[in-house]
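As a plain string of letters, each chain reads:
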Amino acid sequence: MAFGKFLLKRSLQGVLVVWGVVTVLFGLRAVTPGDPVNLIVDPAVDHETRERIRQELGLDQPIYVQYFEYLQDLLVGDLGYSYQSSRPVTTMVIERVPATLELALAATVVALVIAIPLGVISGTRRNEPADYGATSFSLVGISTPNFWLGIMLILLLAVQLDVFPTGRRPVAFHDALWMFLTTFYVGDLLTWFHHIILPAVTLGTYFTALITRLTRSGMLDEYGKPYVTATQAKGIPETLVRYKHVLRNTMIPIITVLGLQLGTLIGGAVVTETVFSWPGLGLRLIAAIHNLDWPLIQGIIIFVGISYVIINIAVDAIYAKLNPRVLDE
Amino acid sequence: MKGADNLYSGRRSVLKATGIIGATAGLGAIAGCLDDPTDDENGDTDELVITQGEFIENPDPNDHITGPYFNVLDPVYEPLFNVTPEFEFESRIVEEWEDTDEGAELTLRDDVVFHNGDEMTAEDVAYTFNRMIDPDLGIESDQAAGLGAIESAEALDETTVLLEHDVAPSLAEFEYANYGRVVNEEWIEEQEQPVAGDDEEAFNGTGPYQVVEYEPDVQLVLEPFEDYWGEEATFERVVFNEDGESSGRVNALQTGESDIVDNVIPEDVPDVDDEDGIEIRNETSLRNVFLVMNTGVEPFDSMEFRQALNYAVDNEGIVNDILGGYGEPMTQPIPDGVFGHNPDLEPYEQDLEQAEELIEESGYAGEEITLYAPEGRYLNDADVAQTAADQIDQLENVDCELDIVPFPDISDANSAPYDDDEMPFYLIGWGVITGDSDYGLAPFFTEEAPQETYRNEEISEMIFESQTIEDEDEREELLQEINEQLRDDAAWVYLHSQDSVYGVREDLEWEPRTDEDIHLWEIDS
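Residues numbered from 1 in each chain as written. Chains lettered and ligands numbered in written order. Predicted model: local features only at pLDDT ≥ 70, side-chain atom pairs only at ≥ 80, totals over all residues.

## What about the overall build of chain A?
A count of helical and extended segments in chain A gives 16 helices and zero strands. Its C-alpha atoms give chain A principal-axis dimensions of about 85 × 60 × 45 Å. Taken across its 329 residues, chain A has 38% of its residues classed as buried. Of the contacts made within chain A by residues no fewer than 6 positions apart, 72% connect residues no fewer than 24 positions apart. (Helix = DSSP H or I, 4+ residues; strand = E, 2+ residues; numbered from the N terminus. Buried ≥ 20, exposed ≤ 12 C-beta atoms within 10 Å, placed from the backbone. Contact = placed C-beta atoms within 7 Å.)

This is the structure we're talking about:
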């Protein structure tokens, strides 16, 4: 199969997945109790006003009419208006993307910085204390719920030791960076860094544990291969063998997982963002669910769904380029 | 491999040690030296940070009606009147006011300026009222419900506005004095409706503070408005931000990131009490929590049955055990502090024997009823409902079970007719935020009202009559009589008025109000 055809097939599958997400969400909205008008106006507002609002929103139309109108609007990027704030949902979603991306990327960096060295140590010192330490860390990391970890980190490092703030994001990374580039003022960047450490560690812990395990098993796999023995036999220093050959080959599956996990991190930051009041998509989603602000709930989940699909297609495409046998399968 | 490792062990050990020391020092430096702009734990009295559980839905001051919304917007869009904690009205933008045959005439200050430099006119004030009560002007305002008596507004001259109404002057006063954050007509008509911008340009009020930074649902940063007509602002910088979790707000208070936090739940109170420099301050609010019974549905159509449920529930015990003492048992539909509250009434005291007798008298012995309740909407609401349901269930001749449902279900039930039998018995709360009984009585107890749960023609007529009595004393007397009848007729199962509980930096001079408003001009450091 040609690469173009492969990409087209994956894209069509992606469109189907997004359509499925949209439809399921719309169905959920239809069966969820709660008259949207009661969510929009004060309970003391009279019956006539309620009826007028219902008509204005098209809620008096049959459900299939509402569905097709929603699909029509969606195709032109119109996700409707929030019941709670009356703001365009598209704007409300897009403005929260940077915070979530910052957190997802920071969590990835935390994971890589900790996981790769740990995985290498563990993989090269199999069945030694360092390996036991690293594998125990992985097990604990994978088993620790991040809402608990986040709260513990806040209680210990913010409330008791006063080393970090309890949460929030007083400055956006792009603003802090712009400030630094235009005035060389580094304070905003440091403030951002100070605030993101605990959320990033919280969100990145599971990921750290996962990558540590992958690195360890990858290293062990690679060490068993003949080319490693050959390079060692040539007298190449062990450090070079380890990092230039073994680790480099181990990184291929890790990078694939990284790409896929980024999508998970975007969607999975909900708990961490809530614990740390980090103003990303997750926190907005929780508030929207709390208020049953359906247009906003749909908007955020559809956005996350589309992101996930795009990242998956991109990963598939890269993988197909690297390993053309996939095209034949 | 091991040999190779050993060759480098000396150098590696040094590098490791250096790395660890460097990382520790770096983190320490960041943690210790960073000057967090929201952190004033070192006693920076020029900055005030207020963390609320809820934030503004949008920047439009005429759109919504919640307390947290007014707290954030009032420093920017100041109220027309100063409302004292005792619900007395004092001049602010409105200097004088009187009721005439045509309505209420408000005389305005002539030196009020909007933050964009435009002078405030009577046209702006009239436009503001019309904007709230006339949906054709661009928004469906929640505040319209609180301005039900005001029919229209008109500028009579540069500084005089006429508000037409045909109700008792004191009722009209409670309405117009509580709402009406003035907007600049020309400016607002250039905005989308309602105003929904996402930066500081989305605000243009006349208040003592102007917005210098705004991030929707995250924070609003204020600084004094230099051309403000009144007293100079107390703080050089004020930050309002949001944290939806009580524990998160308390943590922010403990670490000095915040100076005032609202809605501290009883479970988090000890964390504040145990910390030096911060304390709990509380005040009974105007928010009642009660059990609604649709009186058009059996068995709730029986007064004896309704009274029995009131005698079955120990509302004082619920306040002490479930709310940690942060509340007051209800004695009637209208809380203490509101015009028309009857101070002579006592709560129903738990009396299981009398309750069982009343059930027998009602003819509904052996009934099985279900109490519906939300979770997370009011202070420990699910626990309150569980306790009430258990106490009713312990009567020999009635069975009661609890069903926790999403709040929208409760909201739907509350807007259903009084004879709707789908969910006729449920827990809900209501804040009488205008300070007048009418806002707590008319929506529930008048015929065809939006939230009518109880039908009694006599009571309905009395409420309508109370809306037109000009003499304040006479009107208060009638409202008190209505409250007494509703108490005796057991229109609801009366539970409690819940407290507003705040965590506050100890050195701040500020007392919580019954109306749950936080006014910056009432805070001093």
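More follows now that the structure is in view.
## Here's the deal with the interface of chain B and chain A
Facing 40 residues of chain B, the contacting portion of chain A comprises 43 residues. Of all elements in the fold, only α1 (2-33), α6 (246-254) and α12 (407-414) of chain B reach the threshold of two or more residues within the side of chain B that touches chain A. When residues in the side of chain B that touches chain A are grouped by element, the largest group, five residues, is from α12(B).

## Some remarks on unusual backbone geometry
Outside of glycine, negative phi angles account for most residues, and trans bonds account for most peptide bonds. Residues and elements named next belong to chain B. For the bond from Gln193 to Pro194, the omega torsion is -10°, close enough to zero to count as cis. Here Pro194 shows up in the loop between α5 (185-189) and β8 (209-215). Cis rather than trans, the peptide bond between Glu298 and Pro299 has omega equal to 0°. Along the chain, the position of Pro299 falls in the loop between β12 (278-293) and α8 (303-312). Despite not being glycine, Asp217 shows a phi value in the positive range, around 65°. One non-glycine residue, Glu448, adopts positive backbone phi at about 65°.

## Here's the deal with the domain arrangement of chain A
By the assigned domains, chain A splits into domain 1 (3-94) and domain 2 (97-279). Distance between the C-alpha centres of domain 1 of chain A and domain 2 of chain A: 37 Å. (Domains from an automatic or database assignment.)

## So, the domain arrangement of chain B
Residue and element names in this part refer to chain B. One can read the domain layout of chain B as domain 1 (36-277 + 506-525) and domain 2 (284-499). When each unit is reduced to the centre of its C-alpha atoms, the spacing between domain 1 and domain 2 is 31 Å. Counting residues at the interface gives 16 residues for domain 1 and 21 residues for domain 2. Sort the elements by how many residues they give to the side of domain 1 that touches domain 2 and helix α4 (residues 169-178) lands first, with six residues. Here the residues of the side of domain 1 that touches domain 2 sort into nine nonpolar, four polar and three charged. (Nonpolar A, V, L, I, M, F, W, Y, C, P; charged D, E, K, R; others polar.)

## Re the sheet that holds strand β4 (residues 94-99) of chain B
Residue and element names in this part refer to chain B. Strands sit in the order β4-β5-β7-β6 across an open sheet of four strands; the sheet is antiparallel. Both outer strands of the open sheet, β4 and β6 (150-155), are each paired with one neighbouring strand and no more. Direction aside, neighbouring strands of the sheet carry axes that sit 20° apart on average. Sheet topology places strand β5 (residues 103-108) next to strand β7 (residues 160-165); five bridges connect them, and they run antiparallel. Among the inter-strand pairings, Glu105 is bridged to a residue of β7, identified as Leu162. Taken strand by strand, helix α3 (residues 122-133) contacts β5, β6 and β7, and its axis lies near 160° from that of β6. In the packing of α4 onto the sheet, contacts are made with β4, β5, β6 and β7, and the angle to β6 comes to roughly 70°. (Pairing = 2+ DSSP bridges. Axes fitted to C-alpha atoms, helices over the stretch in contact; angles between N-to-C directions.)

## What to know about the packing of helix α7 (residues 129-143) of chain A against helix α10 (residues 187-223) of chain A
Residues and elements named next belong to chain A. The N-to-C vectors of α7 and α10 enclose an angle of 140°; their axes lie 8 Å apart at closest approach. With respect to each other, α7 and α10 are oriented oblique. Handedness of the crossing formed by α7 with α10: left-handed. In this structure, α7 contributes Ala134, Phe137, Ser138, Gly141 and Ile142 to the contact, and α10 contributes Thr205, Tyr206, Thr208, Ala209, Leu210, Thr212, Arg213 and Arg216. (Parallel < 35°, antiparallel > 145°, perpendicular 65-115°, else oblique. Left-handed = near helix turned anticlockwise from the far one by under 90°.)

## Topic: the UniProt feature "transmembrane region" (unreviewed entry) in chain A
All names here are of chain A. Those residues carrying the UniProt feature "transmembrane region" (unreviewed entry) are residues 12-31, 103-124, 136-159, 192-211, 252-276 and 296-315 in this numbering. Counting secondary structure, residues 12-31 comes out at 100% helix and 0% strand; the distance between its end C-alpha atoms is 29 Å. Secondary structure content for residues 136-159 is 92% helix and 0% strand, while the C-alpha to C-alpha distance between its ends is 28 Å. (UniProt positions renumbered as here; feature names shortened; annotations may be inferred.)

## Description of the packing of helix α6 (residues 97-124) of chain A against α10(A)
All names here are of chain A. Across the interface, α6 lies against α10 with an axial gap of 6 Å and an inter-helix angle of 35°. As α6 runs across α10, the sense of the crossing is right-handed. In the contact of α6 with α10, the residues fall into 21 nonpolar, nine polar and two charged.

## What about the nonpolar core?
Judged by nonpolar contacts, the single largest core of 151 residues is most densely connected at Leu291(B), Leu371(B), Ala388(B), Tyr426(B) and Leu495(B). Among all residues touching Leu495(B), those that are not within four sequence positions of it are Val289(B), Phe290(B), Leu291(B), Asn315(B), Ile318(B), Met330(B), Val384(B) and Ala388(B). Met92(A), Ala107(A), Phe173(A) and Ala288(A) belong to the second largest nonpolar core, which has 57 residues in total. (Core = buried A, V, L, I, M, F, W, Y, C linked by C-beta atoms within 7 Å.)

## A look at the environment of Gly180(B)
All names here are of chain B. By the element assignment, Gly180 lies in the loop between α4 and α5. By the C-beta count within 10 Å, which is 28 here, Gly180 ends up buried. Residues Gly180 and Ala312 lie 132 residues apart in sequence; the distance between their C-alpha atoms is 43 Å. Beyond its immediate sequence surroundings of up to four residues, Gly180 is in contact with Leu80, Thr128 and Phe129.

## Quick notes on helix α10 (residues 352-362) of chain B
Within an α-helix, residues lying three or four positions from one another point in the same direction, as the helix has 3.6 residues per turn. Residues and elements named next belong to chain B. Restricting attention to buried positions, one finds in α10 the residues Ala355, Leu358, Ile359 and Ser362. Projected down its long axis, α10 shows its buried positions confined to an angular sector of 105°, all on one face. Turning to α10, the residues buried within the fold contact α8 and β15 (398-404). In the stretch just after α10, Gly363 is the one whose phi turns positive, near 85°. (Arc of directions from axis to C-beta.)

## Here we look at helix α14 (residues 281-290) of chain A
Buried residues of α14(A): Leu281(A), Gly282(A), Leu283(A), Arg284(A), Leu285(A) and Ala288(A), and no others. After α14(A) finishes, the residue Leu292(A) shows a positive phi value of roughly 50°.

## A closer look at the pairing of strand β10 (residues 237-242) of chain B
All names here are of chain B. For β10, the tally of buried residues reaches six of six residues, placing the bulk of the element in the interior. Of the two faces of β10, both are covered, the one formed by Arg237, Val239 and Asn241 as well as the one formed by Val238, Phe240 and Glu242. In this sheet, β10 lies alongside strand β1 (residues 47-52) in parallel orientation, the contact comprising six bridges. Bridging from a neighbouring strand, Val49 pairs with Val239 of β10.

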